[in-house]
Amino acid sequence: MKLSRQQVEHVAWLARLGLSEDEIEKFTVELSNILENFEILNQVDIADVPPATHAVPLQSVFREDQSFPSYPQSDVLANAPKREEGCFKVKPVLE
Amino acid sequence: MNKLCQLTIHEAHELLKRSEISSVDLTKATLERIAEVEDKIHACVTVTEDIALKQAEEADGYIRNGNITPLAGVPTLIKDVICTAGIRTTCSSKILENFVPPYDATVIKKLKTQKAVILGKANMDEFAMGSSTEHSAFFPTHNPWNLNYVPGGSSGGPAAAVVADEAVYALGSDTGGSIRQPAGFCGVVGLKPTYGRVSRFGLVAFASSLDQIGPITKDVTDCALVMNAIAGYDSMDSTSVDYPVPNYVSYLKRDLKGLRIGIPREYFVAGMQEGVKSALEIAIKKLEELGAEIDWEVSLPHTKYALAVYYIVAPSEASANLARYDGVKYGFSEQNASSVIEAMEKTRQFGFGTEVKRRIMLGTYALSAGYYDAYYLKAQKVRTLIKQEYEQAFEKYDALVTPTSPTVAFKLGEKLEDPMQMYLSDVCTLPINIAGIPAISVPAGFVDGLPVGMQVLGKPFNEETILRIAFAYEQATEWHKRKPEI
């Protein structure tokens, strides 16, 4: 599986990951090589095999719907790069 | 060097109990050791000297009142991927360089309940992605046995610190070998518990279906003591399993008579170092002398697919988990951008290192429209087959024994530019995470002055048997008593 430069740029866009020109070139080659190593899985007969999800079979886990104190707003916002009036602040989302 | 820093947990505990030493003495000795060797080893990201000494004073008061627990007053280092309230938790990443968690991970709460002393946070590959600790955004950690070599990874800081006596023990995390491989490279004991055995609450997520927290210790008894403290159900982790926790120490002093141990031949792979192979053969013969029945002809044919399965599943889960680093809620944030999207892209471009970006790219690709069936879904189906193969093997055997890694530690820089070569150093450890079973690495010899690790794999929720095997082997050998000259 060879990745094209356009595919690398598209995947970076999906991941909201800015890449430098050097990184785009490097990843185009490296990711293609890594994907080639995954082709070994084509040898396995997986017809009728269910996919694994977790290592340990746990069904839906429920607990009682009890209320308990949350973290204070000041703690939650303490690590925020930008905050205003008790909110996280982001750049304008709408034009 | 103050010799107190060389103590194991159980040795320190005896001295504390008899009031022959205080926790303050012991804590000062380890802090002095950190000051003495840290410019060579670089195992620590943050050392919290004042907090540690305060905790040691509290522990001394607690012990004086007759309330001694096995970990009381004993100093530990915590891999910097486990949240510590009020102490920055960086994951050795620029993006979390100044992140101070508002809460403790469940394992930290449990250590604090026992009045453990926390010395600080230990270095790692960024977000636990790597096998050499060279992917730390801050600095690489050096192997105390030879400073030109890597300590392994991603828990390279914790493993190097323990063998260098910078901490009596450490907590690490293991997604594909990140406790066991560095434990093997540094000549200490490391255990990855069964998935669900130890709460992941407060462990910064890398690959949620594979991650587990576990001990890195100087010997097997210490490993059992730490497991006693951290194992158990936690309602804060929905994948934690409500299964009774035995007293692991009580299983140690039983001989190996009647235990059936299988040796899967696929783990003795091409490209394996000859010295590692012969060290393992000698170690396995020792297990036989100790009474175990050895079957040298076990085959787990799907093992050869584990690397591909792992490097699809783990990056896929990582790409989803690391979506949270957007520069809004916490962490590094690039404000020099014209839109909210551009701010996110730049934050992640400048905040993440190359290996993290590589895995986000790989995982995002494997999950993207049109490729999901070909990669992620297929990998999860092969994962089922790998799991089933272990289940079948454990119908016949009580444990399986393999090398922890195909080679001893490699040189700093040797694999840094070749991601596939780096990934291959986890080839013996990552199948265990895929299957969710427990495994321990125990010192089993040396090649060219560098430690060899033996890995013992067990049935789910049967850590006691692999601890028992590791203990019997340790007691019959002297490897764990050797110390590096730093």
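Relevant structure appears above.
Just so it is clear, the structure is predicted and the values come from calculations on it, not from any experiment.

(A) Representation of the overall build of chain A in the model. Along its length, chain A carries 3 helices and 2 strands. For chain A, the N- to C-terminal ordering of α and β elements is α-α-α-β-β. If one aligns the C-alpha atoms of chain A with their principal axes, the spans along those axes are about 55 × 45 × 25 Å. Each of the 95 residues in chain A was classed as buried or not, and the buried ones make up 18%.

(B) How the structure looks around the environment of A167(B). All names here are of chain B. In this fold, A167 is placed in the loop between α5 (156-163) and β4 (169-174). Measuring from C-alpha to C-alpha, the distance between A167 and I230 comes to 18 Å, with 63 residues separating the pair along the chain. Apart from residues no more than four positions distant in its own chain, A167 is found in contact with T30, P75, T76, L77, L119, A161 and V162.

(C) Examining the environment of G449(B) more closely. Mapping G449(B) onto the fold places it in the loop between β10 (439-447) and β11 (450-458). Among all residues touching G449(B), those that are not within four sequence positions of it are W145(B) and N146(B).

(D) Fine view of the sheet that holds strand β6 (residues 212-217) of chain B. Residues and elements named next belong to chain B. Pairing is mixed in the open sheet, where 11 strands are placed in the order β1-β3-β2-β4-β6-β5-β10-β11-β9-β7-β8. At either margin of the open sheet sits one strand with a lone partner, and together these are β1 (44-47) and β8 (293-298). Neighbour-to-neighbour, the strand axes of the sheet open up by a mean angle of 30 degrees, direction not taken into account. Sheet topology places strand β9 (residues 399-403) next to β11; 5 bridges connect them, and they run antiparallel. Following the sheet pairing, T402 is matched in β11 by Q455. Contacts from α5 reach β1, β2 (75-79), β3 (117-122), β4, β5 (189-192) and β6, with the element oriented near 155 degrees to β4. Running at roughly 115 degrees to β10, helix α8 (residues 274-289) makes contact with β7 (260-264), β8, β9, β10 and β11 of the sheet.

(E) Spatial organisation of the interface of chain B and chain A. With 54 residues of chain B in contact, the opposing surface of chain A contributes 40 residues. If you list the elements that add at least two residues to the side of chain B that touches chain A, you get α9 (306-321), α10 (340-351), α11 (354-367), α12 (373-396) and α13 (419-424) of chain B. Element by element, the count of residues in the side of chain B that touches chain A is highest for α12(B), at 11 residues. Taken together, the residues of the side of chain B that touches chain A sort by class into 29 nonpolar, 15 polar and 10 charged.

(F) Inspection of the pairing of β10(B) at higher detail. Residue and element names in this part refer to chain B. Burial of β10 is extensive: 7 of the 9 residues sit out of reach of the surface. As defined by bridge partners, β5 adjoins β10 across 3 bridges and the pair is classed as antiparallel. Paired with G190 across the bridge in β10 is S441. Bridge count between β10 and β11: 7 bridges; the pairing is antiparallel. Its bridge partner lying in β11, V442 is registered against M454.

(G) Spotlight on α9(B). For α9(B), spanning 16 residues, the distance from its first C-alpha to its last is 22 Å, which sits close to the expected 22 Å at 1.5 Å a residue. Counting buried positions over the 16 residues of α9(B) gives 14, a clear majority of the element.

(H) How the structure looks around the pairing of β8(B). Residue and element names in this part refer to chain B. Here 4 bridges tie β7 to β8, and the two strands are oriented parallel to one another. What sits directly across from R260, in β8, is E293. Crossover handedness for the path β7 to α8 to β8: right-handed.

(I) Summary view of unusual backbone geometry. Geometrically, the link from G153(B) to S154(B) is a cis peptide bond, its omega value of 10 degrees lying close to zero. With respect to the helices and strands, the residue S154(B) is situated in the loop between β3 and α5. In the Ramachandran plot, D48(A) falls in the positive-phi region, its phi being about 70 degrees despite a non-glycine side chain. Among the structural elements, D48(A) can be located in the loop between α2 (21-38) and α3 (73-77). Taking the number of C-beta atoms within 10 Å as the measure of exposure, D48(A) has 6 and is therefore exposed. Look at A128(B): it is not a glycine, yet its phi comes out positive at around 70 degrees. With respect to the element layout, A128(B) can be found in the loop between β3 and α5. Judged by C-beta crowding, with 30 C-beta atoms within 10 Å, A128(B) ranks as buried.

(J) Layout of the packing of helix α7 (residues 220-230) of chain B against helix α15 (residues 463-476) of chain B. All names here are of chain B. Running from amino to carboxyl end, α7 crosses α15 at an angle of 160 degrees, the nearest separation of the two axes being 9 Å. Our classification of the angle between α7 and α15 gives roughly antiparallel. On α15, the residues touching V220, T221, C223, A224 and M227 of α7 are E463, L467, A470, F471 and E474. Among the residues making up the contact of α7 with α15, the classes are represented as 7 nonpolar, 1 polar and 2 charged.

(K) Layout of the nonpolar core. Residues and elements named next belong to chain B. Of all hydrophobic cores here, the largest spans 172 residues; its most connected members are V309, V456 and A470. The element best represented in this core is α9, accounting for 10 residues. If we skip the residues at most four places from it in the chain, A470 touches V189, V220, I440, V442 and V456.

(L) View of the packing of helix α2 (residues 23-41) of chain B against helix α3 (residues 49-64) of chain B. Residues and elements named next belong to chain B. For the pair α2 and α3, interaxial distance at closest approach is 8 Å and the crossing angle is 155 degrees. Considering the angle they form, α2 stands roughly antiparallel to α3. Relative to α3, α2 is oriented so that their crossing is right-handed. Residue-level inspection shows S23, V24, T27 and L31 of α2 in contact with α3, the latter providing E49, A52, L53, A56, E57, A59 and D60. Considered class by class, the residues forming the contact of α2 with α3 number 6 nonpolar, 2 polar and 3 charged.

Reading guide: rules and limits
- Residues numbered from 1 in each chain as written.
- Chains lettered and ligands numbered in written order.
- Predicted model: local features only at pLDDT ≥ 70, side-chain atom pairs only at ≥ 80, totals over all residues.
- Helix = DSSP H or I, 4+ residues; strand = E, 2+ residues; numbered from the N terminus.
- Buried ≥ 20, exposed ≤ 12 C-beta atoms within 10 Å, placed from the backbone.
- Contact = placed C-beta atoms within 7 Å.
- Pairing = 2+ DSSP bridges.
- Axes fitted to C-alpha atoms, helices over the stretch in contact; angles between N-to-C directions.
- Nonpolar A, V, L, I, M, F, W, Y, C, P; charged D, E, K, R; others polar.
- Expected span 1.5 Å × (residues − 1).
- Right-handed = clockwise from strand over helix to strand, strands pointing away.
- Parallel < 35°, antiparallel > 145°, perpendicular 65-115°, else oblique.
- Core = buried A, V, L, I, M, F, W, Y, C linked by C-beta atoms within 7 Å.
- Left-handed = near helix turned anticlockwise from the far one by under 90°.

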